[in-house]
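In case you want the letters, here they are:
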Amino acid sequence: MGGKDPWRNFPALKALLKDRVDWDTDFNPVTVNFEKCNPSDKPPCKMEGKNSYTAKDVQSGEIFNNFNSIWKEENEPLKIKLEQLHKSWWEHAFPNLLNSTWDRPHIKHVIMSYGVDHPTEVGYVYKKSDIVDEKRNGEFDNIPLLASVIWEEPKSYHFEEIKVAEQKTLKESVMLKKKPKRRPLNGGRNKGSLHRSGDASVPYLSLAWSHTWLLHATRAMRHSRYYGMKEGDRISDDNVLDSIRVSYRPIGGSDWMEGVNPQARIRDDDRSDDPDDEGTGADHPHGTKYKPEMYRYQSKGKSRTTGMEYTTAVIEAVGVEHKETTRNYDILAAVFTDVLKNMHDDFDLI
């Protein structure tokens with residue numbers, strides 16, 4: 001069938017709802033490599049195997065039991081941590097937020113804003129080294145050794161940051177050449193399944209879940225071919241995504257424009273384009289990014305039971321880091337513009 005891709009303006013929703021991207025889609029979020037060393041060897045030694053853990057292992061807390069059996073630590077701190085988690089989440093009257101996704105809050109207006117396209121930690125590789133024929137006699141291991149960190153970079157390229165010594169080839173040893181500590185994962189062939197990275201603290205997969213809240217209004221809409229149309233109803237017979245309004249503000253700009261920035265599609269093919277290198281020639285006095293490229297997704301609906309109208313907005317600011325979101329002028333301006341409009345519509349105050 002011809003026509004435009006209905007997901008073309010909604011890459012986050014496409015990844016979450018159509019492609020079913022999850023934490024272990026591109027790689028396992030936690031891996032433990034095992035190596036065996038002879039008494040005279042210096043690390044790194046020969047790798048004997050590995051254990052990989054999925055998001056479900058982390059979610060259930062099973063990873064704590066596994067790590068506790070791999071690393072013998074005094075007083076079993078990981079086992080204690082697991083017991084604390086069970087007491088706080090699994091054995092609590094409040095629903096366990098660790099094994100469920102968050103639905104849209106049941107309030108009239110929701111505005112979610114955050115930064116994107118900053119390098120963000122998304123995976124960890126640990127290393128356990130044992131000596132051949134060594135008898136431990138009840139001795140404790142050291143704490144788990146972090147061997148490398150996996151980062152998601154702008155446009156979802158993945159990099160690995162090495163934290164321990166590595167084996168060198170003969171050429172590297174003779175030439176005294178050092179391997180880079182930070183390099184593309186799998187030789188740069190592992191572009192992620194998402195289209196952005198997180199805000200330097202929260203991975204994009206977590207941030208992007210708020211896009212699913214935009215469909216809360218769509219689910220509540222009547223469908224004309226079953227219910228008929230009443231005056232004032234918002235109908236979506238073809239593509240439910242059409243009920244979501246998309247707008248953008250180009251970098252350095254002041255006005256919001258309908259649709260998705262066409263220049264962004266061009267830049268998405270340019271791996272060297274890093275938002276940290278872009279600038280508008282002016283710095284905000286608070287030191288945060290000034291007039292970043294921004295995207296806004298908005299939906300509106302009405303409850304079929306109470307008749308109350310509600311709105312949802314998701315705002316993404318490219319290149320704004322986690323701790324800057326609450327003091328970035330442009331994010332605050334976008335949020336309070338919606339807040340003032342809602343106050344006008346609800347209370348006729350402004």
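This structure is a prediction, so every number in the text was calculated from the model and none was measured. (Residues numbered from 1 in each chain as written. Predicted model: local features only at pLDDT ≥ 70, side-chain atom pairs only at ≥ 80, totals over all residues. Heavy atoms only, no water.)

Draft legend 1. Representation of the state of the cysteines. Under the criterion given, the structure shown has one disulfide. For Cys 37, the disulfide goes to Cys 45, at an S-S distance of 1.9 Å. One disulfide, between Cys 37 and Cys 45, carries an S-S torsion of 105 degrees and so falls in the right-handed class. What makes Cys 37 buried here is its relative accessible area of 4%. Assessed through its relative accessible area of 9%, Cys 45 is described here as buried. (Disulfide = S-S within 2.5 Å. Buried < 20%, exposed > 50% of the residue type's maximum accessible area, 1.4 Å probe, protein only.)

Draft legend 2. View of the side chain of His 211. Take His 211: it is sitting in the loop between α6 (204-208) and α7 (215-220). Owing to a relative accessible area of 3%, His 211 belongs among the buried residues under this scheme. Side chain to side chain, His 211 and Glu 316 meet in a polar contact 2.9 Å long. The residues contacting His 211, other than those within four sequence positions of it, are Ala 12, Leu 13, Tyr 114, Tyr 204, Tyr 297, Val 314 and Glu 316. (Helix = DSSP H or I, 4+ residues; strand = E, 2+ residues; numbered from the N terminus. Polar contact = N/O pair within 3.5 Å; in protein donor to acceptor, adjacent residues only side chain to side chain. Contact = heavy atoms within 4.5 Å.)

Draft legend 3. View of the nonpolar core. Residues Phe 10, Leu 13, Tyr 204, Leu 241, Ile 244 and Tyr 297 are the most contacted members of the largest nonpolar core, which totals 24 residues. In this view, Leu 241 contacts Pro 6, Trp 7, Phe 10, Leu 13 and Leu 215; residues no more than four positions away in its chain are not counted. Counting residues in hydrophobic clusters, the runner-up holds twelve residues, among them Val 32, Ile 63, Leu 78 and Leu 82. (Core = buried A, V, L, I, M, F, W, Y, C linked by side-chain atoms within 4.5 Å.)

Draft legend 4. Geometry of the pattern of salt bridges. Under the definition given, this model contains 14 salt bridges. A salt bridge links Glu 316 to Arg 196, with the shortest nitrogen-to-oxygen separation between them at 3.6 Å. Taken as a pair, Glu 316 in strand β11 (residues 309-318) and Arg 196 in the loop between β7 (182-184) and α6 lie far apart in primary sequence, 120 residues in all. Overall, Glu 316 belongs to the buried group, its relative accessible area being 1%. A single network of salt bridges, built from pairs that share partners, joins Glu 153, Glu 161, Lys 163 and Arg 182. (Salt bridge = Lys/Arg side-chain N within 4 Å of Asp/Glu carboxyl O.)

Draft legend 5. Up close: the confidence of the model for the protein chain. Of the residues in the protein chain, 78% reach a pLDDT of 70 or more, and the chain-wide mean stands at 80. Predicted confidence for residues 271-283 stays below pLDDT 50, and this span has 25 contacts to residues more than four positions away or in other chains. (pLDDT = per-residue confidence, 0-100.)

Draft legend 6. Geometry of helix α1 (residues 11-18). The complete set of buried residues in α1 reads Ala 12, Leu 13, Ala 15 and Leu 16. Seen from one end, α1 has its buried residues packed into an arc of 160 degrees, which puts them on one side. Note on α1: the residue one or two positions beyond its end, Arg 20, has a positive phi of about 55 degrees. (Arc of directions from axis to C-beta.)

Draft legend 7. Seen up close, the sheet that holds strand β2 (residues 46-53). As summarised here, the arrangement of the six strands in space is β2-β1-β4-β5-β6-β7, forming an open sheet in which the pairing is mixed. What marks the edges here is a single partner per strand, and that holds for β2 and β7. Here the strands of the sheet are splayed against their neighbours by 25 degrees on average, with no regard to which way each runs. Where strand β6 (residues 158-162) and β7 come together, three bridges link them in antiparallel fashion. From the neighbouring strand, Glu 161 faces β7, where its bridge partner is Arg 182. (Pairing = 2+ DSSP bridges. Axes fitted to C-alpha atoms, helices over the stretch in contact; angles between N-to-C directions.)

Draft legend 8. Broad picture of the pairing of strand β4 (residues 120-131). By the bridge criterion, eight bridges tie strand β1 (residues 30-37) to β4 in an arrangement that is parallel. Counterpart to Thr 31 in the pairing with β4 is Val 125. Where β4 lies against strand β5 (residues 145-152), seven bridges are found, and the strand directions are antiparallel. Bridging from a neighbouring strand, Val 125 pairs with Ser 148 of β5.

Draft legend 9. Helix α3 (residues 62-70), seen in detail. Inspection of α3 places Ile 63, Phe 64, Phe 67, Asn 68 and Ile 70 among the buried residues, and these make up the whole buried set. For α3, the angular spread of buried residues about the axis comes to 160 degrees, placing them on one side. Among the structural elements, β1, β2, α2 (55-60), α4 (77-90) and β4 are those in contact with the buried residues of α3.

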